[in-house]
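Next come the chains, spelled out residue by residue.
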Amino acid sequence: MAQLKGRTIRVFDPTANAADEQDGLATRFNGLDGKVIGFLNNTKDHTDVIFEEVGKLIQERFPEAELRFYRKESVTGMKPEMMADMKAECDAVVTGLGD
């Protein structure tokens, strides 16, 4: 810790520890027609605009894909109910940041 005229400044390292194990890759689909694709908006600015455009591109290539859009209440955390809904309703989920 550094001292600054009698005050203490704490500096934290925001990096996570390395994982002991790695998850495997998800099974790949042959295509997205007939699949339900969820989009999880993390509430950052412009995420909805980006997802709308990505959704259009998916539907151009896979017109039989169904798109569902979800929005977290805040950037931090997600209600377990929403996660359970997405797991039950979607074959795949896209998440990302706006800004």
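Residues numbered from 1 in each chain as written. Predicted model: local features only at pLDDT ≥ 70, side-chain atom pairs only at ≥ 80, totals over all residues. Heavy atoms only, no water.

### Let's talk about the pattern of salt bridges
Rules: Salt bridges are counted wherever a side-chain nitrogen of Lys or Arg sits within 4 Å of a carboxyl oxygen of Asp or Glu. Segments assigned H or I by DSSP are reported as helices when at least four residues long, segments assigned E as strands when at least two residues long, and all are numbered from the N terminus. Three exposure classes are used, based on accessible area relative to the maximum for each residue type with a 1.4 Å probe and protein chains only: buried under 20%, partly exposed in between, and exposed over 50%.
The tally for this structure, following the rule as stated, stands at five salt bridges. With a closest N to O distance of 3.4 Å, Lys56 and Glu53 form a salt bridge. One end of the pair, Lys56, and the other, Glu53, are both in helix H1 (residues 47-61), three residues apart, so they sit about a helical turn from each other. The exposure class of Lys56 is partly exposed, given its relative accessible area of 42%. A salt bridge links Glu66 to Arg68; the nearest nitrogen and oxygen atoms lie 2.8 Å apart.

### Section: H1
Quick note on the threshold: Expected span, for any helix, means 1.5 Å times one less than how many residues it has. In this description, one arc is meant: the one made by directions from the helix axis to the C-beta atoms. In what follows, residue pairs with any heavy atoms lying within 4.5 Å of each other are defined as contacts.
Here H1 is 15 residues long and its end C-alpha atoms lie 21 Å apart, about the 21 Å a rise of 1.5 Å per residue gives. Thr47, Phe51, Gly55 and Ile58 are the residues of H1 that are buried. Mapping the buried residues of H1 onto a view down its axis gives an arc of 65 degrees, with all of them on the same face. More than 90 degrees from the buried face of H1, the exposed residues found are Leu57 and Glu60. Buried residues in H1 make contact with strand E3 (36-41), strand E4 (66-71) and strand E5 (92-96).

### Observations regarding the environment of Val94
Position of Val94 among the secondary structure elements: in strand E5. Residue classification places Val94 among the partly exposed positions, given a relative accessible area of 28%. Between the C-alpha atoms of Val94 and Val54, which are 40 residues apart in sequence, the distance is 9.7 Å. Those residues in contact with Val94, other than ones at most four positions away along the chain, are Ile37, Gly38, Phe39, Leu40 and Phe51.

### Examining unusual backbone geometry
At Thr43, a position not held by glycine, the phi torsion is positive, near 80 degrees. You can see Thr43 is positioned in the loop between E3 and H1. A positive phi angle is found at His46, which is not glycine, with a value near 75 degrees. Topologically, His46 is positioned in the loop between E3 and H1. Under the relative-accessibility criterion, His46 is labelled partly exposed at 49%.

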